[in-house]
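Notes for the structure review
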Amino acid sequence: MPAQIRGLRVTRAVAAGFDGHAAAALHPDLRTFTGDLVRPYGLPLREDLLSAGAGHDYAEMGAALLERALPGGEPADLLILAFSSPDVRPAAPASLRLSRHCPGQPTAFAVCDQGSAAAFTALRLAAVHHRTGGCRRAVIVLAEQSALHHETPEPVELPAEHRAVVLVCEEAAGEGMRVRRHDRPDAAPALRTARDEHRRLGDGARLLLSAGLAGHGVPDGAEAARPGQPFTGVWTLLADHLPARRPLLVADHDRRLGRLSTLTLP
């Protein structure tokens, strides 16, 4: 008898917003690091945000959700922190700090500099790690904080609030999650591609769209993330749909990368 297929899939998620600011936002290292970062580009610092200590710490935000995401101390084999907007502790490896708060003290690393695609890259890496036989449970921590401590050369969408989402990926019988990427410079063609993928899943499947994609229309059988959270918004929406009783397709488009990313949970 052939061996039963077992894949990795997102089985549950928790999401929360965070008020206030972290003590690290007032540390002088943040000013020094940010100043060194933007000086070659002639970009001024946001002195108002630095003086006010605006911003939050990704390790603090993630740690606050891990206990809810892993009740009873369920151990994880892998932890990946993914983010798009910068942390307020740039010199500290937040993923390693989170590993110490996570049951099992899993192998940990971070994914960044990929815009909204970073979350999908983290999930794809977890699935690859599972295929090596060394990962039965992975934790993906997604975080964004609303303070950017320097001016930007062009307008960017910043989060409306500090927010984190923890996705728990577990081995289960059957087909695992599928992560795909498509080169789509514009959002309208990206939405059409997502809609086509959704239709192939059959009747009853649900399409979860980022707010940016939903700005070009919400097809039948789809739901849109709330605006204001460019990185965590669609994952907060996913948390509302887990555990899933029907196939789910999560879709997000990064305009700067010209990339559509999708996650299928069969």
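As the structure is a prediction and not an experimental result, all values here were calculated from the model.

1. So, the environment of Leu96
Within the secondary structure, Leu96 sits in helix α4 (residues 94–101). Sequence separation between Leu96 and Leu81 is 15 residues; the distance between their C-alpha atoms is 9.3 Å.

2. Describing helix α6 (residues 187–200)
Between its terminal C-alpha atoms α6 stretches 20 Å, which fits the 20 Å expected from 14 residues at 1.5 Å a residue. For α6, every residue scored as buried is listed here: Ala187, Ala190, Leu191, Thr193, Ala194, Glu197 and His198. Axial view of α6: buried residues confined to an arc of 160°, hence all on one face. Exposed residues lying more than 90 degrees from the buried face of α6 are Arg199 and Arg200.

3. Some words on unusual backbone geometry
Going from Leu242 to Pro243, the amide bond is cis rather than trans, its omega being 0°. Of note, the phi angle at Gln105 is positive, near 40°, even though the residue is not glycine. In this structure Gln105 comes out as exposed when scored by relative accessible area, which is 57%. In this structure, Asp113 takes a positive phi of about 60° despite not being glycine. Position of Asp113 relative to the elements: it lies in the loop between β3 (107–111) and α5 (117–131). Accessibility expressed as a relative area gives 73% for Asp113, which makes it exposed.

4. Considering the sheet that holds strand β8 (residues 222–224)
The strand order across the open sheet built from five strands is β6-β10-β9-β7-β8, with neighbouring strands paired in mixed fashion. Both edges of this open sheet fall to β6 (178–183) and β8, since each of them pairs with a single strand only. Neighbour to neighbour, the strand axes of the sheet diverge by 20° on average, direction disregarded. Sheet analysis places β6 next to strand β10 (residues 259–265), joined by six bridges and oriented antiparallel. What sits directly across from Arg178, in β10, is Thr264. Contacting β6, β9 (248–254) and β10, α5 crosses the sheet at an angle of about 45° to β10.

Calculation criteria
Residues numbered from 1 in each chain as written. Predicted model: local features only at pLDDT ≥ 70, side-chain atom pairs only at ≥ 80, totals over all residues. Heavy atoms only, no water. Helix = DSSP H or I, 4+ residues; strand = E, 2+ residues; numbered from the N terminus. Expected span 1.5 Å × (residues − 1). Buried < 20%, exposed > 50% of the residue type's maximum accessible area, 1.4 Å probe, protein only. Arc of directions from axis to C-beta. Pairing = 2+ DSSP bridges. Axes fitted to C-alpha atoms, helices over the stretch in contact; angles between N-to-C directions. Contact = heavy atoms within 4.5 Å.

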